[in-house]
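The residues making up each chain are set out below.
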Amino acid sequence: MADPFEVRMRFTSLLHHLNASTSSALKAASYALKHADYSDDLHSCILEQLERNSMNNRANIMYFLPALCDVAKEKGEVSYGRMMERDILRIVDAVAPEDGTGAANVKVVRKVLRGLEGKGYLQARTVGELEEWIGGRDLMDGGAVSPAQALLPDQAVQSLEAAVLPTAMRSTPHSTARDAYSLTSGIRLDKRQIEQRIEEDRERHKRAREGIWAVPQVGMNLAEDAEFEREWEADSDVDEDDVQLTKEEAEERSVALEYEEPVVKISAD
């Protein structure tokens with residue numbers, strides 16, 4: 001029997017070191033499932049870390065929740081999913097608080113909520129009410145620029161330089177994002193945190209792009225190619241235009257081959 005205090009400390013450390021990689025989330029989820037007897041204590045660790053840690057770590061924990069629910073569902077453990085659903089209001093408020101300190105996490109919250117809804121862990125009505133509740137939290141004071149924009153590399157220069165900073169203050173994208181956020185919201189972000197968030201967002205976007213074309217293979221029968229079946233269904237039926245186009249391409253190829261044959265014979269001689 002594991003020591004409860006040791007289990008809590010180990011799980012807390014795993015939560016604190018979560019990042020954008022899938023392996024870190026699966027490692028923490030597997031540990032939580034291994035010690036499911038302490039699910040109440042481990043769930044309280046999640047809430048504590050959400051309320052105590054930095055903005056980036058809160059976002060990582062939010063992304064971790066679907067992984068935890070997936071692993072628990074595979075093993076038939078329902079306690080984590082139920083506790084997450086019970087405390088979802090507290091979780092959302094911790095990740096993207098109303099005071100603006102987690103404004104850059106509002107987009108993360110919306111994305112994770114929709115993912116949880118799609119997998120059946122949350123009801124559509126609950127997600128709709130939560131999205132309405134956090135509406136406007138992604139805006140900084142004055143509603144000019146969202147801190148999420150200050151952290152996303154593809155929007156940092158255009159939005160922040162045009163809307164917030166005078167010409168004399170423009171420098172690098174990182175310093176621009178940091179200074180704009182502190183000027184408009186009164187909240188000072190560490191440069192290292194901004195750079196870390198940019199890298200983690202890039203990693204998540206990269207993984208999302210990698211899975212765009214992935215087609216799940218149903219069953220073990222490799223003779224039934226799921227990707228081929230999808231492409232077959234997506235293609236339109238062959239009509240007269242397709243037949244005519246094929247004939248024209250065949251004629252063009254035959255003409256091209258007639259011109260190429262003498263060249264081949266001459267070179268052979």
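Here the structure is a predicted model, which means the values were calculated and not measured.

Novice: For this particular structure, what's the right way to read the overall build of the chain?
Specialist: A tally of regular secondary structure across the chain gives 14 helices and 0 strands. In sequence order, the chain lays out its α and β elements as α-α-α-α-α-α-α-α-α-α-α-α-α-α. Per-residue burial for the chain yields a buried fraction of 38% across its 269 residues. In the chain, the proportion of contacts linking residues at least 24 apart, taken out of those at least 6 apart, comes to 67%.

Novice: What is the right way to read the confidence of the model for the chain from this model?
Specialist: Any segment with low pLDDT has predicted coordinates that should not be analysed in fine detail. Across the chain, the average pLDDT comes to 76, with 67% of residues at or above 70. A low-confidence stretch, residues 141–186 stays under pLDDT 50, and its non-local contacts, those more than four residues away or across chains, total 72 contacts.

Novice: Just to check I follow, could you spell out the pattern of salt bridges for this structure?
Specialist: For side chains bearing opposite charge, pairing can occur when the charged atoms are close. Under the definition given, this model contains 10 salt bridges. E51 is the partner of R90 in a salt bridge, and the nearest nitrogen-oxygen pair spans 2.7 Å. Taken as a pair, R90 in helix α6 (residues 88–95) and E51 in helix α3 (residues 39–52) lie far apart in primary sequence, 39 residues in all. Across the salt bridge formed by E199 and R202, the nearest N and O atoms sit 3.0 Å from each other. A residue pair is termed a helical-turn pair when its members lie 3 or 4 positions apart in one helix, as E199 and R202 do in helix α12 (residues 191–210) at 3 residues. Classification of R202 as partly exposed rests on a relative accessible area of 43%. One continuous salt-bridge network, built from bridges that share partners, spans R197, D201 and R204.

Novice: Is there a simple way to explain the packing of α3 against helix α4 (residues 55–74) in this structure?
Specialist: Two quantities define a packed helix pair, namely the angle between the axes and the distance from one axis to the other. Running from N to C, α3 and α4 point in directions that differ by 155°, and their axes come no closer than 9 Å. Between α3 and α4, the crossing angle belongs to the class labelled roughly antiparallel. As for how α3 packs across α4, the hand of that crossing is left-handed. Facing α3, whose interface residues are I46, Q49 and L50, α4 presents R58, I61, F64, L65 and L68. The class makeup of the residues in the contact of α3 with α4 is 6 nonpolar, 1 polar and 1 charged.

Novice: Teacher, can you tell me more about the side chain of N60 here?
Specialist: Secondary-structure assignment places N60 in helix α4. Beyond its immediate stretch of four places on either side in the chain, N60 contacts L18, N19, A20, E200 and R204.

Criteria and thresholds
Each residue is numbered by its place in its chain's sequence as written, counting from 1. With the structure being a predicted model, the display of local features is reserved for residues of pLDDT at least 70 and the display and counting of side-chain atom pairs for 80 or more, all residues being used for whole-chain, interface and lining totals. Hydrogen atoms and water are omitted, and side-chain values are computed over all heavy atoms in the structure. Each helix corresponds to a stretch of at least 4 residues labelled H or I by DSSP, and each strand to a stretch of at least 2 residues labelled E; elements are numbered beginning at the N terminus. The cut-offs for exposure are 20% and 50% of the maximum accessible area for each residue type, with area from a 1.4 Å probe on protein chains only; residues under the lower value are buried, those over the upper are exposed, and the others partly exposed. Should any heavy atoms of two residues lie within 4.5 Å, those residues are considered in contact. On a scale of 0 to 100, pLDDT captures the predictor's confidence in every residue. Whenever a carboxyl oxygen of Asp or Glu lies within 4 Å of a side-chain nitrogen of Lys or Arg, that contact is scored as a salt bridge. Note on geometry: axes are C-alpha line fits, over the in-contact stretch for helices, and angles between N-to-C directions span 0 to 180 degrees. Each angle gets one of four labels, with under 35 degrees taken as roughly parallel, over 145 as roughly antiparallel, 65 to 115 as roughly perpendicular, and the rest as oblique. By convention the crossing between two helices is left-handed if the near helix lies anticlockwise of the far one by an angle smaller than a right angle, and right-handed if it lies clockwise. When residues are grouped by polarity, Ala, Val, Leu, Ile, Met, Phe, Trp, Tyr, Cys and Pro land in nonpolar, Asp, Glu, Lys and Arg in charged, and all others, Gly among them, in polar.

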